[in-house]
Amino acid sequence: MESYLNENFGGVKSKNTSEEALQRWRKLCGFVKNPKRRFRFTANLSKRWEAEAMKRTNHEKLRIAVIVSKAAFEFIKGISSVESEYVVPEEVKAEGFEICADELESIVEKHDVKKLKSHGGVQGIAAKLSTSTADGISDSEEKLSKRQRIFGINKFTEVAARSFFVFVFEALQDTTLIILGICALVSLIVGVAMEGWPKGGHDGLGIAVSILLVVLVTAVSDYRQSLQFRDLDKEKKNISIQVCRGGLRQKRSIYELVPGDVVHLGIGDQVPADGLFLSGFSLLINESSLTGESEPVSVKEENPFLLSGTKVQDGYCKMMVTSVGMRTQWGKLMTTLTEGGDDETPLQVKLNGVASIIGKIGLFFAVVTFAVLAQAQLSRKFADGSYLSWTGEDALEMLEYFAIAVTIVVVAVPEGLPLAVTLSLAFAMKKMMHDKALVRHLAACETMGSSTTVCSDKTGTLTTNHMTVVKACVCGEEGEVGNLRSRIPDSAVKILLQAIFTNTGGEVCLGKDGGFQILGTPTEAALLEFGLSLGGDFSAERRGVELVKVEPFNSEKKRMAVVVELPGEGLRAHCKGASELVLAMCDRVLGSSGEVLPLEEEARAGLESTIESFAREALRTLCLAYREVDSRFSAKDEIPTRGYVCAGIVGIKDPVRPGVKESVELCKSAGIKVRMVTGDNITTAKAIAKECGILTEDGVAIEGPEFRSKTLEEMMELIPKIQVMARSSPLDKHTLVKHLRTTFNEVVAVTGDGTNDAPALHEADIGLAMGIAGTEVAKESADVIILDDNFSTIVTVAKWGRSVYINIQKFVQFQLTVNVVALIVNFSSACLTGRAPLTAVQLLWVNMIMDTLGALALATEPPNDELMKRKPVGRGGNFITNAMWRNVLGQSIYQFVLIWYLQTRGKALFSLPDPRADLALNTIIFNSFVFCQLFNEISSREMEKVDVFKGILKNNVFVGVLAFTAVFQFIIIQFLGDFANTTPLSLTQWLVCLLIGFLGMPVAAVIKLIPVGSS
């Protein structure tokens, strides 16, 4: 079966599945009882095609808009003024605004330079929106609600949540249930006509009530799943953004943005609404998410239009929001994309394949069973010569045979298999949210359980990301920073403060409490805090210079640089970054008196020794440097990369997170290899890796440049040994991940936080983005977002992934057992005795036990620590293992033998009286069969271990399902006999049924001791 599944249903991967593969498996699903339910959690391909068409239209619109706006800009330059014919609507004017939402939407979406100019440019729009380009809008609730009323809210229209009755209706779409419903109606009419009411209606009503019960339980389960997915979907779309309101910079949800808001954007951020560029440097915008065009667009004063949903590829800026929500192209596109849904997971597809195979087998058995039963009836009628005269009883008997055949299909087609995956994933995703992991793609849950390698960042994942400058080397003075100010000359302090406060992507601003608030990355925050401790004034320093050019930090260059104009002193460049790289750009250094000295070999060696000693203490090292720049330098020129003066070296402490060492050990015991991939200095990386337990005696630590210089043969030999890669570029990370996946067949999980990590996150089997330090581009490329940036959370995700995989295996094992026994019992009985011991109503109840209730009980088992002592499944593991087949066949044989014994010797065994012997025996068989499934459900909690009771009381859902099933079974037997074709049993008979069910557990324990191969 496994090879058939891999060949026909194995084309769907955990991510980046081709459309052809998605379409192929759908066509292979031959017999589907309820397509609406079976395919509910699969991608809507037609909606995706619609979204792609919309992207192409957007691309064409923007291309034309850019051409027109360029022409308009050239035309406007030759005209002194442009008159506006725009008339402000009265309701807008009444609220204190001079421009309406439609006009703003038209300006930005169409890149309409002429209209923008007619409104007085960006400043004119700001005035008409009653906002300040420096301080933003007021934060008062009344004024915000007024803006929302006039301009709308920043949310796109979502598909209305489906009510419970929609799920009831969908559950009723099951073809077999519809046929059974018709059988019930015919049975009711014929029965009442022959035997009167109420006696004649019992059989028909019994089937109808059973159908209703199955539908209600199914609908409740599906409805709860949909609510869980909806909650998770809201979390995925909620992005925080830096906004300036009332002069205070603060973090806000994008849902709270209104036109007039001033937003700060940096590399990797998503543009949260349509807007206009206010100020910034080197801003490149990637519009591929909106238009499909991969070439980035340069946004500046001449082309100030920013579109919602696009990403900042380079640079940073301040923007003013003009249009929000459904007034943006992104809002309209997202509505369509949301309807497209997530790709189905490999397990869902595989289990659809299993359901199809078993469905075909079940259909064959159902047809044969009906043929055998009908033939037996016809033979009797031919034998007594009444084949031409058919009574109502004959018709009801034939109808009952047909209902049994249809119900065999109901039981045999495991429609719940693919949906059990969804149920288990929904349960796991909800629980993982509490454990600080937000799953963006369903497949990541199950794939993480198979992972064999984790490539982890250092900063913020293995360490706390709470950084502090603890050591520095300035003007030859090396040591703790506590009293550094008194040990270095004022001229050096002045240079240091200028280097720290002007060459930064962070900011020091006043908080609501009146104190200082430092904004920016942890590294920037540590440097700014160091600058403040030296007595610096951020605002005064920034006001004293004019920024000419900024090159923001990126992980390829590993440095940030600015050129500033000093009043009366000309231009100066400041550079900071990886110590050894920036030091290599220097040819001079500050002396003990603050004077500039040539950087001799001895002095350079001393500084390199300082960097090494800081790194050995597990400190991150940064070098700060500056140089004077020619006055003819312009923003179009490249910032120099040579001739700098080394102003100082700082050592930043970033402690290892508590619990990381234990988590790494847990990964090792689970067969998961942990590798550190960092942009930091190799000495610092090795120190941290040893502290975390990642770097061992036989492991290799290597730098990115050395790694990429290796030949392919050398790489193949080296990669399995690599435990630490330092000074790595995003390309190094991508290369490592690609080889691990393709050449070494590993299932790779990768962490990332930067924009440049996106390719590696995309390439990995599971991309893990950091929720705190991660950029929106990284999060967009990831499958799971680690909300607390903690390595221990990654281990929790792996544990949940394993739990999902094994829970589905348990459920499949349980359901296959019920399938096999129900099919064989009814088929063999029909063939050998001419009647079926399990009626339509009874089989519907069995179907509910094994389908919805079984999934609830087994697919929602929480993870335990034992899971992390198993070896990972890896890429080539079989889903239905030999151990599962052993358990299914062993349990099926036991149940079949017992039930067959009851059928042939039951009357004598229980000394049943003649008038109701058949009914009593069938009731005992039905009761024993149900309790066999109940105790088998407990045995299925462990596929290899004999102890199946460990932790059972901690799973309230499991205990609740068992209790509900047992109580309802008692009610069916003792009180619903007329409807369920049963008769009340004596205490002795109940005890025998329970004993038969219970004996399945020691049998299961013995079966588990039989050794089976792994393949």
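Refer to the structure printed above.
Conventions and cut-offs
- Residues numbered from 1 in each chain as written.
- Predicted model: local features only at pLDDT ≥ 70, side-chain atom pairs only at ≥ 80, totals over all residues.
- Heavy atoms only, no water.
- Helix = DSSP H or I, 4+ residues; strand = E, 2+ residues; numbered from the N terminus.
- Buried < 20%, exposed > 50% of the residue type's maximum accessible area, 1.4 Å probe, protein only.
- Contact = heavy atoms within 4.5 Å.
- Areas by Shrake-Rupley, 256 points an atom, 1.4 Å probe, with all protein chains shown as cover.
- Salt bridge = Lys/Arg side-chain N within 4 Å of Asp/Glu carboxyl O.
- Pairing = 2+ DSSP bridges.
- Expected span 1.5 Å × (residues − 1).
- Axes fitted to C-alpha atoms, helices over the stretch in contact; angles between N-to-C directions.
- Parallel < 35°, antiparallel > 145°, perpendicular 65-115°, else oblique.
- Phe/Tyr/Trp six-rings, centres within 6.5 Å; stacked < 30°, edge-to-face > 60°.
- Lys NZ or Arg CZ within 6 Å of the ring centre and 35° of its normal.
- Disulfide = S-S within 2.5 Å.
- Arc of directions from axis to C-beta.
- Core = buried A, V, L, I, M, F, W, Y, C linked by side-chain atoms within 4.5 Å.
- Left-handed = near helix turned anticlockwise from the far one by under 90°.
- Nonpolar A, V, L, I, M, F, W, Y, C, P; charged D, E, K, R; others polar.
- Patch = residues over 30% accessible without salt bridge, like charges linked within 9 Å, V, L, I, M, F, W, Y side chains within 5 Å.
- Polar contact = N/O pair within 3.5 Å; in protein donor to acceptor, adjacent residues only side chain to side chain.

Undergrad: Looking at this structure, how should I read the overall build of the protein chain?
TA: Looking only at helices and strands, the protein chain has 38 helices and 26 strands in total. Among the 1015 residues that make up the protein chain, the fraction classed as buried is 56%. In the protein chain, once contacts between residues fewer than 6 apart in sequence are set aside, the share between residues at least 24 apart is 73%. For the protein chain, the exposed surface amounts to about 41,700 Å²; the carbon and sulfur share of it is 58%.

Undergrad: Even after reading the chapter, I still don't get the pattern of salt bridges, so can you show me in this structure?
TA: Between side chains of opposite charge, pairing is possible as soon as their charged atoms come close. Summed over the entire model, instances satisfying the criterion amount to 37 salt bridges. As a salt-bridge pair, Lys 869 and Glu 866 come within 3.5 Å of each other at their nearest N and O atoms. A cluster of three or more residues bridged by salt bridges with shared partners is formed by Asp 139, Arg 245, Arg 252, Glu 256 and Asp 261.

Undergrad: Just checking my understanding: could you explain the pairing of strand 17 (residues 586-590) for this structure?
TA: Regular strands place side chains that alternate from one sheet face to the opposite one. Relative to strand 20 (residues 644-653), strand 17 runs parallel, the two sharing three bridges. By the bridge assignment, Arg 588 is partnered in strand 20 with Val 645. The hairpin formed by strand 17 and strand 18 (residues 596-598) contains five residues between the paired strands, and Gly 594 there has a positive phi angle of roughly 90°.

Undergrad: Got a minute to help me understand helix 35 (residues 917-939) in this structure?
TA: Since one α-helical turn is 3.6 residues long, residues separated by three or four positions face the same way. The terminal C-alpha atoms of helix 35 lie 32 Å apart, and with 23 residues this matches the ideal 33 Å at 1.5 Å per residue to within 8%. Of all 23 residues making up helix 35, 21 are buried, and the element is well covered by its neighbours.

Undergrad: Would you explain the packing of helix 32 (residues 791-833) against helix 33 (residues 840-858) in this entry?
TA: Helix-helix packing: each pair is described by the crossing angle between the helix axes and the interaxial distance. Following both chains from N to C, one finds helix 32 and helix 33 inclined at 170°, their axes separated by 9 Å at the closest point. Judged on the interaxial angle alone, helix 33 and helix 32 are roughly antiparallel. Taking contact as the criterion, the partners of Asn 807, Lys 810, Phe 811, Phe 814, Gln 815, Val 818, Asn 819 and Asn 826 in helix 32 are, on helix 33, Leu 843, Val 846, Ile 849, Met 850, Asp 851, Gly 854, Ala 855 and Leu 858.

Undergrad: Teacher, can you tell me more about the environment of Thr 641 here?
TA: Residue position: Thr 641 is located in the loop between strand 19 (619-629) and strand 20. Counting along the chain gives 59 residues from Thr 641 to Val 582, while the straight-line C-alpha distance between them is 8.7 Å.

Undergrad: Help me understand the packing of aromatic side chains, please; the structure alone is not making it clear to me.
TA: What describes a pair of aromatic rings is the distance from one ring centre to the other and the angle between the planes of the rings. With the rule as written, the count across this model stands at 16 aromatic pairs. For the ring pair Trp 845 and Phe 968, a centre distance of 5.1 Å and an interplane angle of 45° mean the geometry is tilted. Taken together, the residues Trp 845 in helix 33 and Phe 968 in helix 36 (residues 956-975) connect sequence positions 123 residues apart. Trp 845 gets classed as buried once you look at its relative accessible area, which sits at 5%. By the ring-pair criterion, three or more aromatic residues cluster together here, those being Phe 164, Phe 165, Phe 167 and Tyr 223. The ring centre of Tyr 255 lies 5.1 Å from the NZ or CZ of Lys 155, which sits over that ring.

Undergrad: Quick question: what am I supposed to make of the state of the cysteines here?
TA: Covalent bonding between the sulfur atoms of two cysteines defines a disulfide. Scanning all chains against the criterion turns up zero disulfides. You can see Cys 475 has no disulfide; the closest cysteine sulfur is in Cys 473, sitting 8.9 Å from it. Summary of cysteine pairing: Cys 575 is not part of a disulfide, and the nearest cysteine sulfur, belonging to Cys 586, is at 7.9 Å. Judged by its relative accessible area of 2%, Cys 575 is buried.

Undergrad: Got a minute to help me understand helix 36 in this structure?
TA: Between its first and last C-alpha, helix 36 extends 28 Å over 20 residues, near the 28 Å set by a 1.5 Å rise per residue. If you check which residues of helix 36 are buried, you get Phe 958, Val 961, Leu 962, Thr 965, Gln 969, Ile 972 and Ile 973. For helix 36, the arc enclosing every buried residue in end-on projection is 100°, short of the 170-degree limit, so these residues lie on one face. Turned more than 90 degrees off the buried face of helix 36, the exposed positions are Asn 956, Val 967 and Phe 975.

Undergrad: What is the right way to look at the sheet that holds strand 23 (residues 722-726) in this model?
TA: For sheets, the rule is that strands pair by backbone hydrogen bonds, running either parallel or antiparallel. Sheet architecture is open: eight strands sit in the order 8-26-25-24-9-21-23-22, paired in mixed fashion. Since the sheet does not close on itself, it has two edges, and those belong to strand 8 (437-439) and strand 22 (700-703), each with one partner. Shown here is a sheet whose adjacent strand axes are inclined to one another by a mean of 20°, direction ignored. In the packing of helix 32 onto the sheet, the strands contacted are strand 8, strand 9 (453-456), strand 21 (673-677), strand 24 (748-752), strand 25 (766-770) and strand 26 (784-786), and the crossing angle to strand 26 comes to about 145°.

Undergrad: Would you explain the environment of Leu 351 in this entry?
TA: Here Leu 351 shows up in helix 15 (residues 346-383). By relative accessible area, which is 0% here, Leu 351 ends up buried. The spatial distance from the C-alpha of Leu 351 to the C-alpha of Val 421 is 8.4 Å, given a sequence separation of 70 residues. If near-sequence neighbours (up to four positions away) are discounted, Leu 351 is found in contact with Leu 417, Pro 418, Val 421, Ile 808, Val 812 and Phe 879.

Undergrad: It is not clear to me how the nonpolar core should be interpreted in this structure. Could you clarify?
TA: Soluble globular proteins tend to pack their nonpolar side chains together in the buried interior. Core analysis: the largest hydrophobic core is formed by 141 residues, its most contacted members being Leu 180, Val 784, Phe 791 and Val 812. Element by element, the count of residues in this core is highest for helix 32, at 19 residues. Ignoring sequence-local partners within four residues, the contact set of Val 784 consists of Ala 437, Leu 438, Val 439, Arg 440, Ala 444, Ile 766, Gly 767, Leu 768, Ala 769 and Val 797. In terms of nonpolar packing, the next biggest core, distinct from the first, is built from 30 residues, Ala 472, Val 481, Leu 484 and Val 493 among them.

Undergrad: Is there a simple way to explain the packing of helix 35 against helix 38 (residues 987-1008) in this structure?
TA: At a closest axis distance of 8 Å, the pairing of helix 35 and helix 38 adopts a crossing angle of 35°. When the axes of helix 35 and helix 38 are compared, the crossing they make is right-handed. Mapping the contact onto sequence places Ile 924, Asn 927, Ser 928, Phe 931, Cys 932, Phe 935, Ile 938 and Ser 939 in helix 35 and Gln 989, Trp 990, Cys 993, Leu 994, Ile 996, Gly 997, Phe 998, Gly 1000, Met 1001, Ala 1004 and Lys 1008 in helix 38. Its residues placed into classes, the contact of helix 35 with helix 38 shows 12 nonpolar, six polar and one charged.

Undergrad: Is there a simple way to think about a nonpolar patch on the surface in this case?
TA: Taken together, the side chains of Leu 378, Phe 382, Tyr 387, Leu 388 and Trp 390 present a nonpolar region at the surface, about 550 Å² in accessible area. Within the secondary structure, Leu 378 is located in helix 15. Looking at Leu 378, the relative accessible area reads 34%, which means it is partly exposed.

Undergrad: Please clarify how the side chain of Lys 799 should be interpreted in this entry.
TA: Tracing the backbone through its elements, the reader meets Lys 799 in helix 32. Its relative accessible area of 18% is what places Lys 799 among the buried residues. In contact with Lys 799, other than residues within four places in its own chain, are Pro 863, Asn 864, Asp 865, Leu 867 and Met 868.

Undergrad: I tried to follow unusual backbone geometry on my own but got confused; where do I start?
TA: Glycine aside, the phi torsion of most residues is negative, and most peptide linkages are trans. Positive phi is not limited to glycine here, since Ser 130 has a value of about 55°. On the secondary structure map, Ser 130 appears in the loop between helix 8 (121-128) and helix 9 (141-151). Since its relative accessible area comes to 40%, Ser 130 is described here as partly exposed. Of note, the phi angle at Lys 558 is positive, near 60°, even though the residue is not glycine. The residue Lys 558 is located in the loop between strand 14 (546-554) and strand 15 (559-566) in this model.

Undergrad: Would you mind showing me how to read the side chain of Arg 727 here?
TA: Within the element layout of this structure, Arg 727 appears in the loop between strand 23 and helix 29 (730-742). Here Gly 679 takes part through its backbone oxygen, which lies 2.4 Å from a polar atom of the side chain of Arg 727.

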